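Read off the chains here:
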Amino acid sequence: MKRKVLTIKRSADYDAMLDRVVRLIDEARRISARSVNALMTATYWFIGRHIVEFEQQGKARAEYGEELLKRMATDLATRFGKGYSLTNLKQFRQFYLAYLPLQKSQTPSGLLPDAKKGQTPSDQLAVRDFSARFPLPWSAYVRLLSVTSEQARKFYETEALRGGWSVRQLDRQINSLFYERTALSRNKAKMLTKGAAAKREDAIAPEEEIKDPYVLEFLGLKDEYSESDIEEALILHLERFLLELGGDFTFVGRQRRLRVGDEWYRIDLLFFHRKLRCLVVIDLKRGKFTHADAGQMHMYLNYTREHWTRADENPPVGLILCTKKDEAIARYALDGLPNKILATEYRTVLPDEQLIADEIEKTRRQLEERKTKAGRKLIK
């Protein structure tokens, strides 16, 4: 028997219903992200409090604070993985000290534990209740900590809350010296009104809030996603293409996150080349190749050399792929290698740049054609 396929024709009523469901899911995601962020921020404040109070219990502990944090970072990383590096622990301590006035009398239910009396069992309960004191996401507080002036920091925090700023908007205002410009302005009310207005690039989609690197680390979740379907398809195809070239390429990871300072970056593909005994960092860019792309790749290579390369391995090599209409460019980043002989060996063994560029360009055109055909079918 042939199964009957029922098709629902698009109508104004259906579109309205679908729109309500989409908005419902988006809002639920936002609320979930805000709840996790609040609990996470309160947890980090308490971790900072424990660190500070532990250090203050003796002169020796204060003198060896750096070593203590290194030991703590190692122990926490063993249990929870990412998110508890030495840099992060220093940030938690800095966060607690910056928000030290939030004492017992200011907590919603007075449940902030007194570590001096050894009353630690109520930590979990206090984190839950104390989370209301941190309405901004943790990434916003990280950005605020970089503002050295306490007055400026309080100003940006107040305006972010008042205007409902996203982290991107907060970052833009800090970079544009909004506090200093407002202080010097004769019409401060006008400046504040103008500053509260968001720009298109400030918007953050619900899925971006859920996939915030800090949230993923806190929840112990993997971060594997791409910004668009076409990019994702290109990366997957490149992954298979390189593996099919021979047995030298070994897949290590995809969409690997790394953090330099307070900024997060994402490497599209990471391979290990068995013959060259080195990591291969691959980054896909949409658009024309620029010097900024080369500079960013060298930063990736420096990070990879320091954090991911083992003692018996050669320095990593980078491959930059730029795709634009009717053209694809592939460039190896070999400037960071210690000598020309090694660079020559790399070029001899690695696949030809033009071969990779041609394969990516062919795949990109096929994907664009499929997308166009799919769009025409939906219209019909």
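Refer to the structure above for everything that follows.
Below you will find a few notes about this structure. (Residues numbered from 1 in each chain as written. Predicted model: local features only at pLDDT ≥ 70, side-chain atom pairs only at ≥ 80, totals over all residues. Heavy atoms only, no water.)

1. What to know about the side chain of Thr-182
Formally: By the criteria applied, helices consist of DSSP H or I runs no shorter than four residues and strands consist of E runs no shorter than two, each listed in order from the N terminus. To sort residues, take the accessible area from a 1.4 Å probe on protein chains only and compare it with the maximum for the residue type: under 20% means buried, over 50% means exposed, and anything in between is partly exposed. Residues are treated as being in contact if the distance between any of their heavy atoms lies within 4.5 Å.
Assignment of secondary structure puts Thr-182 in helix α9 (residues 178-184). Looking at Thr-182, the relative accessible area reads 5%, which means it is buried. Among residues more than four places away in sequence, those in contact with Thr-182 are Phe-155, Lys-188, Met-191 and Leu-192.

2. Quick word on a positive patch on the surface
The criterion, for reference: Within this analysis, patches are made of residues with over 30% relative accessible area and no salt bridge. Like charges are joined at 9 Å or less; nonpolar side chains (Val, Leu, Ile, Met, Phe, Trp, Tyr) at 5 Å or less. Where accessible areas are quoted, they stem from the Shrake-Rupley method and a 1.4 Å probe; at the residue level, only the protein chains shown are allowed to cover. Salt bridges are counted wherever a side-chain nitrogen of Lys or Arg sits within 4 Å of a carboxyl oxygen of Asp or Glu. Residues scored as charged are limited to Lys and Arg (positive) and Asp and Glu (negative), so that His and the chain ends carry no count. Taken as the charge centre is NZ of Lys, CZ of Arg, CG of Asp or CD of Glu, depending on the residue.
A grouping of Arg-181, Lys-190, Lys-194 and Lys-199 is seen on the molecular surface, where their side chains present a positively charged patch. Turning to its location among the elements, Lys-194 is positioned in helix α10 (residues 188-196). Looking at Lys-194, the relative accessible area reads 66%, which means it is exposed.

3. Looking at the environment of Glu-159
Within the secondary structure, Glu-159 is located in helix α7 (residues 150-163). When its relative accessible area of 7% is taken as the criterion, Glu-159 is described as buried. Separated by 20 residues in sequence, Glu-159 and Tyr-179 place their C-alpha atoms 9.9 Å apart. Setting aside chain neighbours within four positions, we find Glu-159 in contact with Gly-164, Trp-165 and Leu-192.

4. Points about the packing of helix α6 (residues 138-145) against α7
How we decide: For every element, the axis is a line fit to its C-alpha atoms; helices are fit only across the contacting stretch, and the angle between N-to-C directions ranges from 0 to 180 degrees. Angle categories are assigned with fixed cut-offs, so that under 35 degrees is roughly parallel, over 145 is roughly antiparallel, 65 to 115 is roughly perpendicular, and the rest are oblique. Handedness of a crossing follows from how the near helix is turned relative to the far one, being left-handed for an anticlockwise turn of less than a right angle and right-handed for a clockwise one. Amino acid classes used here: Ala, Val, Leu, Ile, Met, Phe, Trp, Tyr, Cys and Pro are nonpolar; Asp, Glu, Lys and Arg are charged; the rest, including Gly, are polar.
Where α6 meets α7, the closest approach of the two axes is 10 Å, and the angle between their N-to-C directions is 155 degrees. If you check the angle between α6 and α7, you find them roughly antiparallel. Our pair here, α6 against α7, has a crossing hand that is right-handed. Touching Tyr-141, Leu-144 and Leu-145 of α6 are Arg-153, Tyr-156 and Glu-157, all from α7. Residues of the contact of α6 with α7, tallied by class, amount to four nonpolar, no polar and two charged.

5. As for helix α8 (residues 167-175)
Applicable threshold: Here the arc refers to the set of directions running from the helix axis out to each C-beta atom.
Taken residue by residue, α8 has Gln-169, Leu-170, Gln-173 and Ile-174 as its buried positions. Projection of α8 onto a plane perpendicular to its axis shows the buried side chains occupying an angular sector of 135 degrees, all on one side. Following α8 by one or two positions, Leu-177 has its phi on the positive side, about 55 degrees.

6. Thoughts on a nonpolar patch on the surface
A grouping of Met-17, Val-21 and Ile-25 is seen on the molecular surface, where their side chains present a nonpolar patch of about 230 Å² in accessible area. Relative to the assigned elements, Ile-25 resides in helix α1 (residues 12-55). Exposure remark for Ile-25: the relative accessible area of 44% places this residue in the partly exposed category.

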